[in-house]
Amino acid sequence: MGRSGGGGGRPWVQSSNSRWRYLNPSYYLNRPKRLALLLIAFVVVTFVVWDRQTVSTADHLHQETNAKVQEAVHEELNYTGELLSATSFSRQLVDQMLLAKAYVIIAKEYDNLKLAWEFSSHIRTCQRLLSKAAVRGQSITEVEARPLVSGLASLINKAQDAHYDIATKLVTLRNHAQALEERAVAATVQSVYLARVASGAVPKNQYCLTIRLMVDWFNKPALKQQVDDLRNSPRLVDNSLYHFCIFSENVLASSAVVNSTVSNADHPQQLVFHIITSESNYHAMQVWFLSNDFKGSTIEVQKLEDFHWMNSSYFPVRNSENESDSKFSNPKYIPLLDHLKFYIPDIHPSLEKVIYLDDDVIVQKDLTPLFSLDLHGNVNGAVETCLEGFHRYHRYLNFSNPIISSQFDPQACGWAFGMNVFDLIAWKKANVTSRYRYWMEQNIDQMLWKKETLPVGLLTFNGLTEPLDRRWHVLGLGHDLGLDDRLIESAAVLHYDGYMKPWLELAYERYKPQWDRYVNLRHPYLIRCNSMEAK
């Protein structure tokens, strides 16, 4: 059986061992050439195998390196965890170091610099050992830690023998802290008291102004005739006009309130102001308002002593003050002016609606629209102050007393005096003044609230107050420097509540321009008095 193969039809035969053999004689002649080719192929194959083995070895070495790095990181992480272990030597060294650092400070306080240096030296040795252990990635051994721990323990015992015990020191420091806290509280109380005294004091220039005005009263008899004529004016009881009540001892402050109100009113000639002051300031107040122009408005000035019906049985404040009738002019009676707001219907029985203004406010908008505001049957129109969390009933009243806790909600929203709309018809119907007198008598021992008019106002007008838009009355210019400028600009009334009154030197400069623009600083008397104060 035969077949043709490649190579030009060369004959092939099959041998007995079933292998095909080439019978061409040149096959044997070209054998060396074929051997050379086989040798080259062997070399190539060998090189390829060696290269693969080299790559495999490199990959293996890389894997081993990564494994060692991961192992090192793992060991480092274990070491970090060891610092948090209460049983490790590293943790013991760290604790001892912290204690040693405390003793360094104590030793320095007692001028024992040698002991402080010894502690510092041991601390540095501990830090070096901890750094070394972190670098090598191995835990600190007992052999390494023992001498350091023993050395620090010996120093700590030495410090304690020298009465540098930390527990004792902590007690001493706690006593010092308590003493400092008591001094801080005393300083705060003193500063509040001094601020209160300063806010109630009369500046020299205003005292000077009062004296000059009183001299004019006695030197100008015509002024008395003007007062008598005004007292009989029908405008004082005309309910078609707009009536404002002010109770004040301060001439300039009252003038700023009136001037700012008329300056921003659409029809200032329709405004009537009812001012009540004490006898000591009555003549100065009369001369000032008669001698200055307030855009055609009507201004009535009365003194507290003219209201003879205010006897001790009718006025709980006077009764609690335990003062005699002859001491109306005493400075202790000045708070009575704050309480007069609760007697407005008795003072002005013919009026139906009034706006009450404190003497530390400035008016920036026309307030006459408030007279047509519907109070929905309520007596008092006021701006609520509970946007600030602490201006709620519990802030002003003693709710541990059952008289208060049984009748009022501690979370009820507070409101502000300073600019209030009073419906006097609804006032009389609700008998508000009697409610006020009842609560004043209940608080004769001042166990329900301290000496302020707002707490008793919250009780008296509880359930009788109509909330007003916040922009009608913005508070805080006497104690808060952080008021928003936009809120100040949009406010109808600015209230300098607090101790930083705008007529005092301690007033906030940021808020003084709003007040100064309504004070006639070019008045001859003010120029002279200001120049005398400067000297």
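How each quantity is defined
- Along each chain, the written sequence defines residue order, and numbers are assigned to residues from 1.
- In keeping with the model being predicted, local features are shown solely for residues with a pLDDT of at least 70 and side-chain atom pairs are shown and tallied solely at 80 or more, while totals for entire chains, interfaces and linings include all residues.
- Computation of side-chain values covers all heavy atoms of the structure but excludes hydrogens and water.
- By the convention used here, strands pair only if DSSP detects at least 2 bridges between them.
- Here a strand is any run of E in DSSP of at least two residues, a helix any run of H or I of at least four, and the numbering for each starts at the N terminus.
- To obtain an axis, a line is fitted to C-alpha atoms, over the contacting stretch when the element is a helix, and the angle between two such axes runs from 0 to 180 degrees between their N-to-C directions.
- Whether two residues are in contact is decided by their heavy atoms, any of which lying within 4.5 Å being enough.
- We define the nonpolar core as a collection of buried residues of types Ala, Val, Leu, Ile, Met, Phe, Trp, Tyr and Cys that are connected through side-chain atoms lying within 4.5 Å of one another.
- Under the scheme applied here, a residue whose accessible area is under 20% of the maximum for its type counts as buried, over 50% as exposed, and between as partly exposed, the area being computed with a 1.4 Å probe on protein chains only.
- Each angle gets one of four labels, with under 35 degrees taken as roughly parallel, over 145 as roughly antiparallel, 65 to 115 as roughly perpendicular, and the rest as oblique.
- Each residue is assigned to one class: nonpolar for Ala, Val, Leu, Ile, Met, Phe, Trp, Tyr, Cys and Pro, charged for Asp, Glu, Lys and Arg, and polar for all the others, Gly among them.
- Should the near helix be turned counterclockwise from the far one by less than a right angle, the crossing is left-handed, whereas a clockwise turn marks it as right-handed.
- Disulfides are defined as pairs of cysteine sulfur atoms found within 2.5 Å of each other.

### A short note on the sheet that holds strand E4 (residues 271-277)
Part 1 of the argument: Taken together, seven strands build an open sheet; the order of strands is E5-E4-E3-E6-E9-E8-E10 and the sheet is mixed. The open sheet is flanked by strand E5 (298-303) and strand E10 (465-468), the only strands paired with a single partner. Going from strand to strand, the sheet's axes swing by 25 degrees on average, the running direction of each strand aside.
Part 2 of the argument: Pairing between strand E3 (residues 242-247) and E4: six bridges, direction parallel. Residue pairing across strands places Phe247 opposite Ile276, the latter belonging to E4.
Part 3 of the argument: Taken strand by strand, helix H10 (residues 251-263) contacts E3, E4, E5 and strand E6 (353-357), and its axis lies near 170 degrees from that of E4.

### Description of the nonpolar core
Part 1 of the argument: In terms of nonpolar packing, the biggest core is built from 61 residues, with Val258, Trp288, Phe289, Ile355, Leu357 and Leu367 touching the most fellow members.
Part 2 of the argument: No other element matches the seven residues that H10 contributes to this core.
Part 3 of the argument: In this structure, Trp288 is in contact with Leu209, Leu213, Val251, Leu252, Ser255, Phe294, His523 and Leu526, ignoring residues within four places of it in sequence.
Part 4 of the argument: Cys245, Phe307, Leu337 and Ala426 belong to the second largest nonpolar core, which has 43 residues in total.

### Thoughts on the packing of helix H8 (residues 204-219) against helix H11 (residues 279-291)
Part 1 of the argument: H11 packs onto H8 with a crossing angle of 75 degrees between their chain directions and a minimal axis gap of 8 Å. Between H8 and H11, the interaxial angle falls into the category roughly perpendicular. Residues Leu209, Thr210, Leu213, Met214, Asp216, Trp217 and Phe218 of H8 form the contact with H11, whose own contacting residues are Ser280, Asn281, His283, Ala284, Gln286, Val287 and Trp288.
Part 2 of the argument: Broken down by class, the residue content of the contact of H8 with H11 amounts to eight nonpolar, five polar and one charged.

### What to know about the packing of helix H4 (residues 89-109) against helix H6 (residues 142-161)
Part 1 of the argument: In the contact formed by H4 and H6, the axes pass within 10 Å of each other and the chain directions differ by 25 degrees. In terms of their interaxial angle, H4 and H6 are classed as roughly parallel. Every pair of crossing elements has a handedness; the one defined by H4 and H6 is left-handed. For the pair formed by H4 and H6, the contact residues are Phe89, Leu93, Gln96, Met97, Leu99, Ala100 and Tyr103 on the first element and Glu142, Ala145, Leu148, Val149, Leu152, Ala153, Ile156, Ala159 and Gln160 on the second.
Part 2 of the argument: Grouping the constituent residues of the contact of H4 with H6 by class yields 13 nonpolar, two polar and one charged.

### Examining the state of the cysteines
Part 1 of the argument: By the definition in use, this model includes two disulfides.
Part 2 of the argument: Each sulfur of the disulfide joining Cys208 and Cys529 lies 2.1 Å from the other. The sign of the S-S torsion, about -70 degrees, decides the handedness of the disulfide formed by Cys208 and Cys529: left-handed. Highlighted residues: Cys208 in helix H8 and Cys529 in helix H22 (residues 524-534), separated in sequence by 321 residues.

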